[in-house]
Amino acid sequence: MTKNKTSRFIYFFYLVLITTSCIAQNQNAIKNLKGFEISSDTISLFLKSRMDTLNIPGLSIAIINDSKVVYHQTFGYANLEKKMPVTNTTIFEGASMSKSVFASFVMKYVEEGKLDLDKPLFQYLSYPDIEYDERYKKITARMILSHRSGFPNWRENEEDKKLKIKFEPGTAYEYSGEGYQYLSNVLKHIEKTDWHGLEIIFQNKIAKPLGMKYTTFIPTTYVNEHKAEPYTNEKKLIDWKNNYWYKKDKDKFVSASSIHSEPLDFSKWMIATMNKKLLSEESYQELFKHHSTVSTLSSGMNIYYTLGFVTADKPYNTTYFHGGSNDGFTCWYLMDIEKKWGYVLFTNSENGEKLGNEVWDYFEKEY
């Protein structure tokens, strides 16, 4: 080979090397909410650091750019005692993130004409636990999904442990799992089925069409076998089999809190929601509409509850999010439906919601 040919060969090789390197770097870069690129390694270092600080045993996370998952990582342990790592198959409790997915499920009934958002629910199914208060006959599905029913979160949190109506339905906001569960019972009654039958219907209407293979409200054998162990914020194992809430909710479709999933599966629902693929345009307008003012920040910004989502004033008016907190499991998701951007994280810790908020702040930096 002559010197000129050798030089050209070296130059060509160098060009290919540089081009390949640039492509690899681009594939390795994730855009944040502001449109700035961050390397996946930088994100992983941040997450590991915050996990250590917050005493989080295990974490699984997915980040979405342009309606596609561009980052999916698992960290830490699903079982600390046995040193079993979190893997791509590890399942977590989604806690109150259930409410957002359940709201989509409810809208399927609305589209099919089986449920009217504004028809009093007692006309579908009476509720003996609250029949002593006639005001319950004013409660609608819309009120329940936007936390305006007047019910408390859970009756167990009340001093007398009884279900009650704390204000005139439809006039104020109070977060309520009790309301969501009443609506679950209504759906079950409409379908003339039991809790497991309602789970099958959820799978057919929501999970299967989106390819969500591992997301359930009632855990399957697979889910139980792959589920992470729950821990306190001091990394102490929680005896979940003897937990009050586990015993109460076992084998029930608890629309407010029992969803089980993992980031890749959950992101499929997020992407479908961003792109308005699962429901009609009219249904998404209802889901995203402001129904309740949750709070007003010192800056004057209002935080709203829609039908199953939390959102806010500009610049977050196209951002929808929700956290979740069960004993030993906390989680968080956020999606900007205009930018087609989002993330979802699950932890087997009681500090996962806090981490979810920190990740939001992290992804808003201008680099």
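In what follows, the structure referred to is the one given above.
Residues numbered from 1 in each chain as written. Predicted model: local features only at pLDDT ≥ 70, side-chain atom pairs only at ≥ 80, totals over all residues. Heavy atoms only, no water.

## Thoughts on the layout of surface pockets
Gaps left between atoms show up when a probe the size of a water molecule is rolled over them.
Part 1 of the reasoning: The calculated volume of the largest pocket comes to roughly 680 Å³.
Part 2 of the reasoning: Contributing to the lining of the largest pocket are 30 residues, with Glu93, Trp245, Tyr246, Asp249 and Asn326 lying nearest its centre.
Part 3 of the reasoning: Counting only elements with at least two residues in the lining of the largest pocket, the list comes to helix 8 (244–249) and strand 11 (319–326).
Part 4 of the reasoning: Here the lining of the largest pocket gets three residues from one element, more than from any other, and that element is helix 8.
Part 5 of the reasoning: Broken down by class, the residue content of the lining of the largest pocket amounts to 12 nonpolar, 10 polar and eight charged. (1 Å grid on protein atoms, 1.4 Å probe; cavity = no way out; pocket = protein on both sides within 12 Å on 5 of 7 lines; lining within 4 Å. Points joined across faces, edges and corners; volume = space filled by probe spheres on them. Helix = DSSP H or I, 4+ residues; strand = E, 2+ residues; numbered from the N terminus. Nonpolar A, V, L, I, M, F, W, Y, C, P; charged D, E, K, R; others polar.)

## Quick word on the environment of Leu47
Part 1 of the reasoning: Among the secondary structure elements, Leu47 is positioned in helix 2 (residues 40–54).
Part 2 of the reasoning: Here the alpha-carbon distance between Leu47 and Val359, two residues 312 residues apart in the chain, equals 8.2 Å.

## Looking at the pattern of salt bridges
It is possible for side chains bearing opposite charge to pair when their charged atoms get close.
Part 1 of the reasoning: All told, the structure shown has 22 salt bridges when counted by the stated rule.
Part 2 of the reasoning: For the salt bridge of Lys205 with Glu112, the shortest nitrogen-to-oxygen distance reads 2.6 Å. Residue Lys205 is located in helix 6 (residues 195–210), and its partner Glu112 is located in the loop between helix 3 (98–111) and helix 4 (141–145); the two are separated by 93 residues in the primary sequence.
Part 3 of the reasoning: Using a relative accessible area of 15% as the deciding quantity, one classes Lys205 as buried.
Part 4 of the reasoning: Close ionic contact of Lys248 with Glu156 constitutes a salt bridge, the shortest N to O distance being 3.0 Å. On the criterion of sequence distance, the pair formed by Lys248 in helix 8 and Glu156 in the loop between helix 4 and helix 5 (177–191) is long-range, its members being 92 residues apart.
Part 5 of the reasoning: Assessed through its relative accessible area of 25%, Lys248 is described here as partly exposed. (Salt bridge = Lys/Arg side-chain N within 4 Å of Asp/Glu carboxyl O. Buried < 20%, exposed > 50% of the residue type's maximum accessible area, 1.4 Å probe, protein only.)

## Description of the pairing of strand 8 (residues 292–296)
Part 1 of the reasoning: In terms of strand pairing, strand 8 meets strand 9 (residues 302–305) through four bridges, oriented antiparallel. In the sheet register, Thr293 faces strand 9, and the bridge partner there is Tyr304.
Part 2 of the reasoning: The hairpin turn running from strand 8 into strand 9, its antiparallel successor, is five residues long, and Gly300 in that turn takes a positive phi close to 95°. (Pairing = 2+ DSSP bridges.)

## Brief notes about the environment of Leu163
Part 1 of the reasoning: Locating Leu163 in the fold gives a position in the loop between helix 4 and helix 5.
Part 2 of the reasoning: A C-alpha to C-alpha distance of 40 Å links Leu163 and Lys340, two positions 177 residues apart in sequence.
Part 3 of the reasoning: The residues touching Leu163, leaving out its near neighbours within four places in the chain, are Tyr127, Asp129, Ile130, Tyr132, Phe151, Pro152, Arg155 and Glu178. (Contact = heavy atoms within 4.5 Å.)

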